[in-house]
2 protein chains.
Amino acid sequence: MTDPRDKVSQAVLLTTADDTEASFYDAMQHADLERMMHVWADDEDIACVHPGGPRVVGTVAVRAGFEAVFSGGPVHVTIEHVRRMETAVCAVHHVTEKVQAVDAKGQLQTAFVMATNVYLRTSQGWRMVAHHASPGMGQDLPDITEPRGVLH
Amino acid sequence: MTDPRDKVSQAVLLTTADDTEASFYDAMQHADLERMMHVWADDEDIACVHPGGPRVVGTVAVRAGFEAVFSGGPVHVTIEHVRRMETAVCAVHHVTEKVQAVDAKGQLQTAFVMATNVYLRTSQGWRMVAHHASPGMGQDLPDITEPRGVLH
């Protein structure tokens, strides 16, 4: 199933946290479990919170979690409002995921998910170590960057 | 209001990410806004997601957000199940917050909140740069660390 050249191109792509993030969402869009797991650090302490789900910890459980997600097919997700806080070895990205799916009535539904993605620079390139997604909302809440409106 | 010795002790306390995390929850328990803001990096890219709320970005907005939280008084929060992924300069902690409050009927209510806390080592010690909390749940969901049970 896997073309060895894919693995090479995947490795090359993880030279920045942005590359790794792009691979993460590309894997979601293609329900590509191998690509997804290549994005993550191979570490028993990686952790993933899917929207509304429990915390999933370690490569075996994270893999099983995405396998379950991908059993439903590709996830139509794009990201918006990417905010980055980066150092030489660590990157924290805050994104809003726009997820679209057709419901049982054939209607296109859209949900917005706030997610925090954390990447570390490793000897295998930038790898994801944490993904924390809040439950989806029906609308895209704007970030609060000024004191005004925090409570409203 | 502020004893200068407190500032010294606060600075000394941030020598590890665990110290900084302890200060974060201590500030919550005492509704201490100055201590809370001492925990955070002084950076326009820090980001905080309170349970069920929007993303709050930057020191000014984060401060205003906690000021609003603390206007209701101390937050009775303790943390459980702390998981740590740490490097020399970056720490990612996954915690479950147990939050207790008395409702309008005088009943003690307990909620469990999954949170991801990210810390960076700075010249001013370990500082929080991200806090992402999911909406509270009525029960403490165990972490999934084995493939079995991911979907159940």
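As shown above, the structure is provided for reference.
Criteria and thresholds
- Residues numbered from 1 in each chain as written.
- Chains lettered and ligands numbered in written order.
- Predicted model: local features only at pLDDT ≥ 70, side-chain atom pairs only at ≥ 80, totals over all residues.
- Heavy atoms only, no water.
- Least-squares fit on C-alpha atoms with pLDDT ≥ 70 in both.
- Helix = DSSP H or I, 4+ residues; strand = E, 2+ residues; numbered from the N terminus.
- Buried < 20%, exposed > 50% of the residue type's maximum accessible area, 1.4 Å probe, protein only.
- Pairing = 2+ DSSP bridges.
- Axes fitted to C-alpha atoms, helices over the stretch in contact; angles between N-to-C directions.
- Contact = heavy atoms within 4.5 Å.
- Buried area = accessible area lost by both parts, 1.4 Å probe.
- Salt bridge = Lys/Arg side-chain N within 4 Å of Asp/Glu carboxyl O.
- Polar contact = N/O pair within 3.5 Å; in protein donor to acceptor, adjacent residues only side chain to side chain.

> Mind laying out the relation of the copies chain A and chain B, listing which residues take part and the relevant values?
For the pair chain A and chain B, the best superposition has an RMSD of 0.0 Å and corresponds to a rotation of 180 degrees with a translation of 0.0 Å parallel to the axis. Viewed as a symmetry operation, the transformation between the two copies matches a two-fold axis. Closest approach to the rotation axis among the C-alpha atoms of chain A is made by Ser134(A), whose C-alpha sits 2.8 Å away.

> If you had to explain unusual backbone geometry to someone new, which residues and values would you point to?
Located in the positive-phi region is His81(A), a residue other than glycine, with phi close to 50 degrees. Tracing the backbone shows His81(A) in strand β3 (residues 76-86). Accessibility expressed as a relative area gives 39% for His81(A), which makes it partly exposed. Its identity is not glycine, yet Ala31(B) carries a phi of approximately 50 degrees, on the positive side. Residue position: Ala31(B) is located in the loop between α2 (17-30) and α3 (33-39).

> Describe the sheet that holds strand β6 (residues 125-133) of chain B, with residues and values.
Residue and element names in this part refer to chain B. As summarised here, the arrangement of the six strands in space is β2-β1-β6-β5-β4-β3, forming an open sheet in which the pairing is mixed. One side of each edge strand has no neighbouring strand; the edge strands of this open sheet are β2 (55-57) and β3 (76-86). Across the sheet, the mean angle separating the axes of adjacent strands is 30 degrees when strand polarity is ignored. Across three bridges, strand β1 (residues 47-49) lies against β2 in antiparallel orientation. Residue Val49 lies in a different strand from β2, and its bridge partner there is Arg55.

> Let's hear about the sheet that holds β3(A): which residues, and what values?
Residues and elements named next belong to chain A. The six strands are arranged β2-β1-β6-β5-β4-β3 in an open sheet whose pairing can be described as mixed. Across the chains shown, the open sheet's two edge strands, defined by having one partner strand only, are β2 (55-57) and β3. Between one strand axis and the next, the sheet turns through 30 degrees on average, direction left out of account. The pairing of strand β5 (residues 108-122) with strand β6 (residues 125-133) spans eight bridges and is antiparallel.

> For the pairing of β5(A), give the residues involved together with the corresponding values.
All names here are of chain A. As paired elements, strand β4 (residues 90-102) and β5 share 13 bridges and run antiparallel to each other. By the bridge assignment for β5, Gln100 is matched with Thr110. Where β4 folds back on β5, the antiparallel hairpin that results is connected by five residues, among which Gly106 adopts a positive phi of roughly 80 degrees. Connecting the antiparallel pair β5 and β6 is a turn made up of two residues.

> I'd love a proper account of the interface of chain A and chain B, names of residues and values included.
Listed as interface residues are 45 residues of chain A and, on the opposing side, 45 residues of chain B. Carbon and sulfur atoms make up 71% of the surface buried where chain A meets chain B, a total of about 3,600 Å² over both sides. When the buried surface of chain A facing chain B is broken down by residue, Arg55(A), Met85(A) and His132(A) rank first, second and third, together holding 21% of it. Summed over the shared surface of chain A and chain B, the result is two salt bridges. Residue Asp143(B) pairs with Arg55(A) through a salt bridge whose shortest N-O separation is 3.2 Å. For the pair chain A and chain B, the number of links is 12 residue pairs in polar contact (both at pLDDT 80 or more).

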